[in-house]
Amino acid sequence: MKRFVNFRPLFTIFLMFLFAIFATIKSFLSDFIPLVILSVIFLVAVVIFIVSCIKKDFLKLFFGAFGVKSAKLFCLLVIIPIICGSLFSATSFLLNSNRNVANGTYQFSCNVDEVTSAGGKTKLVLGDVVIDGNKYNFNVVASCDSIDVKVGNSLSFKGYFFASKLLQNGKINTNILKNNIKYYCSVDMDTLVISNGNTSVINKIKDKTKTFLLENMSEQNAGFSYAIMCGDKSLLADEYQQIFKNSGLAHVLAVSGLHIGFLVAIIDFVLKLFKLKGKYRFVITGAILLIYNIMCQFAPSVFRASVMSLCLMLGLIVGERNDTISNISLAGIIVLLFQPLYLFDVGFLLSFGSVFGIILFANYFNKLLQKIKFPKFLANSISVTISATVGTIPWICMFFNEFAPISLLSNLIVLPIFSLMFTILLLCSIANLLFNLPVLITFAQFFVNIVVNWSALFAKFGTISTISFDVLSAVVYYLVAFIASPYFMVKPYSKGVCALCLFVSLGTVLANCNTAAIINKNQVFTTQNTKNMLFFTTKAGKTIISNIDYDTYHLSETANMLKQNKIRHIDYLLLYNYTDSMQHNVCTLAKSFSIATIYIFGDIQNSTKIGLADEIYSSGIINYADSNAVTLSDCNFYAEGYKNNGYYKAVKYRVDDINILQLLYFVSEYQLKNDNFFKNTTFDCVFVNKFNKIYSNISAKIYVSKSTKDNYPNVYLLADGEMFTYAG
């Protein structure tokens, strides 16, 4: 029987291992459907294995169509990865969820691993942590007023210590996982003692490199150069991050496959000059990559790219048995064995998605472009760029919801220059470390300027919003891609029919995951992880947000809540107590969710107005209210603020016949009893950050609070990470 795919054992193991991890972790998140599917696959494989042991020709024709010679072997390649993946992922989840130190105030001593200063505040990543005399193997993030501290310094202080959350909004927080951050803490500045400490060799190298770049480059170029070499973005300017994001070149900022590929190419070129055999080049390259990983503190992107590169090199050494899909599958297995929870990291998904896209389609696009007379080098570059984009579309849509249309052109032009720049920058940095020759960096900066200027030019084209993907739509998408690829070996007509059926299925799944289920209803939403934010939907189909905070954490929580409810557009944003510190979050939210109209209440200085108008995507959406109240006639919505001593302390809302009160700040008992704003109205729901018994003077059906000292009837206390909905 003619087979329509070539069986690859390593790829089968990788898929089963990956799915076992996904299903197991999803069960911890109270989603048991993937685990049920995994259990069915496991039981079917066990049954087939048992039967095939008795009857050797069992399902021979069926497995032969997939290029499988032995049903028993195939079943073992399913059963073993499922068992291992489930056990490894469950163990990893439980270990990384464990927080064995209770929240509280402790005496700390630690070493500084990373320093970031902005807005008069200093953020520290602390390692070698000792708490009340006990040493712990995790990192802590500390926030404090601006201080003069360097990487490698030892600190001793007293501070409040509280646990980070591995799970946030039903998702794995891979940022704290990658950096082994299990706790946050505040710093009592009166108890802070700073000493020199014992700086490690790696930190000395990084510090010397940082100093060398800052002394011989502009601060922005130095931050960019340091980020692409060492994977540390603490010096990277926000302006540069936005430039590379909008130009479709954000991937160059993270040390990943692109950078490791350049590094491996340089090493391989040099070693070939000495006519070393493949196996010796493999060993030496592996040793250099190990050193580079140590310098980058085994950042997941660096480790992942190193494993992928070494697996590809190993495949070339094997020779005639070399198979790229199997090599990349082996790399995926190794990375997930090292840390199964990396499966939920966007970097992992983008890396393997782009590589599998290149494997599936690069040759096909290359031949097609050469047929229409494209030069070979140009056809190769275009085909790789298009294929990598095809392979990453689901994850770009799922995690970022925006895409830079200019990215194809920007990658074609900038990446060759970037590869030259990266090579020169790396060699100049090594030369400076060995021979103290800072003059060489002038040559490297010339290419840095070219890369940055070209990227800034492409960034002017901006980004566009995309549809949303969920896991199911991503799976169907990759099935369509596989069937459309040369690896699905059937006649063109049959391939077209299969692809069309799956494409229709993909459209159906995408329509479902892009349709918000909560619109056209009068509802109010809030979450425990946002400060003063309320989200409204109305019968008229309008969406309204009242208040966002200046803290980026609260912004991300607000964005996550909206995305989980499939909200892609906000009609109105109401802002009370607006300050300059909120500008970035307002502009980010406005662009991400295409906010149509913004109302800002209160006395705003002209400089603040100008700053907001300059940064926001359209200044025409901003309205400065000339009173404390606004009526949105297209959705029968009314909002009125209560102002005291220059600040809005409360806002009351009316949506049709629903009355809502929100307390932004503490309101005294006298004000509650005597001010007409609070009197003569029975509220359906009152939202407060911290419930106080004096709030019982407000006539309300239910109080919703994020914390409370007082037990009182009708007070609903939000659990950690919980989203609350009040529906009229």
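Refer to the structure printed above.
Definitions and cut-offs
Residues numbered from 1 in each chain as written. Predicted model: local features only at pLDDT ≥ 70, side-chain atom pairs only at ≥ 80, totals over all residues. Heavy atoms only, no water. 1 Å grid on protein atoms, 1.4 Å probe; cavity = no way out; pocket = protein on both sides within 12 Å on 5 of 7 lines; lining within 4 Å. Points joined across faces, edges and corners; volume = space filled by probe spheres on them. Helix = DSSP H or I, 4+ residues; strand = E, 2+ residues; numbered from the N terminus. Nonpolar A, V, L, I, M, F, W, Y, C, P; charged D, E, K, R; others polar. Contact = heavy atoms within 4.5 Å. Phe/Tyr/Trp six-rings, centres within 6.5 Å; stacked < 30°, edge-to-face > 60°. Buried < 20%, exposed > 50% of the residue type's maximum accessible area, 1.4 Å probe, protein only. Pairing = 2+ DSSP bridges. Axes fitted to C-alpha atoms, helices over the stretch in contact; angles between N-to-C directions.

The computed volume of the second largest pocket comes to approximately 560 Å³. Every element with two or more residues in the lining of the second largest pocket is listed here: α6 (201-216), α7 (219-230), α9 (257-273), α10 (278-295) and α15 (407-435). In terms of residue count, α15 provides more of the lining of the second largest pocket than any other element does, six residues in total. For the lining of the second largest pocket, the per-class residue count stands at 18 nonpolar, two polar and no charged.

With respect to the element layout, phenylalanine 403 can be found in strand β10 (residues 402-403). Linking phenylalanine 403 and valine 129, residues 274 residues apart in sequence, is a C-alpha distance of 41 Å. Ignoring anything within four residues of it in the chain, the contact list for phenylalanine 403 reads Thr389, Ile396, Thr463, Ile464 and Thr466.

So, on to the side chain of threonine 12. Its location among the elements puts threonine 12 in helix α1 (residues 9-28). Not counting residues up to four positions away in its chain, the partners in contact with threonine 12 are Phe7, Phe74 and Leu77.

Applying the stated rule across the entire model yields 46 aromatic pairs. Between the aromatic rings of phenylalanine 108 and phenylalanine 161, the centroid separation amounts to 5.2 Å while the plane-to-plane angle is 55°, which identifies the pairing as tilted. Taken together, the residues span a long stretch of sequence, with phenylalanine 108 in strand β1 (residues 104-118) and phenylalanine 161 in strand β5 (residues 154-163) at a distance of 53 residues. Here phenylalanine 108 and phenylalanine 161 have matching classes, each one buried.

As a further point, take the sheet that holds strand β25 (residues 723-727). The strand order across the open sheet formed by seven strands is β17-β16-β15-β14-β13-β12-β25, and the pairing between neighbours is mixed. Each end of this open sheet is capped by a strand with a single partner; those strands are β17 (622-624) and β25. Strand-to-strand twist in this sheet, taken as the mean axis angle between neighbours without regard to direction, amounts to 20°. Sheet analysis places strand β14 (residues 543-546) next to strand β15 (residues 572-575), joined by three bridges and oriented parallel. Paired with serine 546 across the bridge in β15 is leucine 574.

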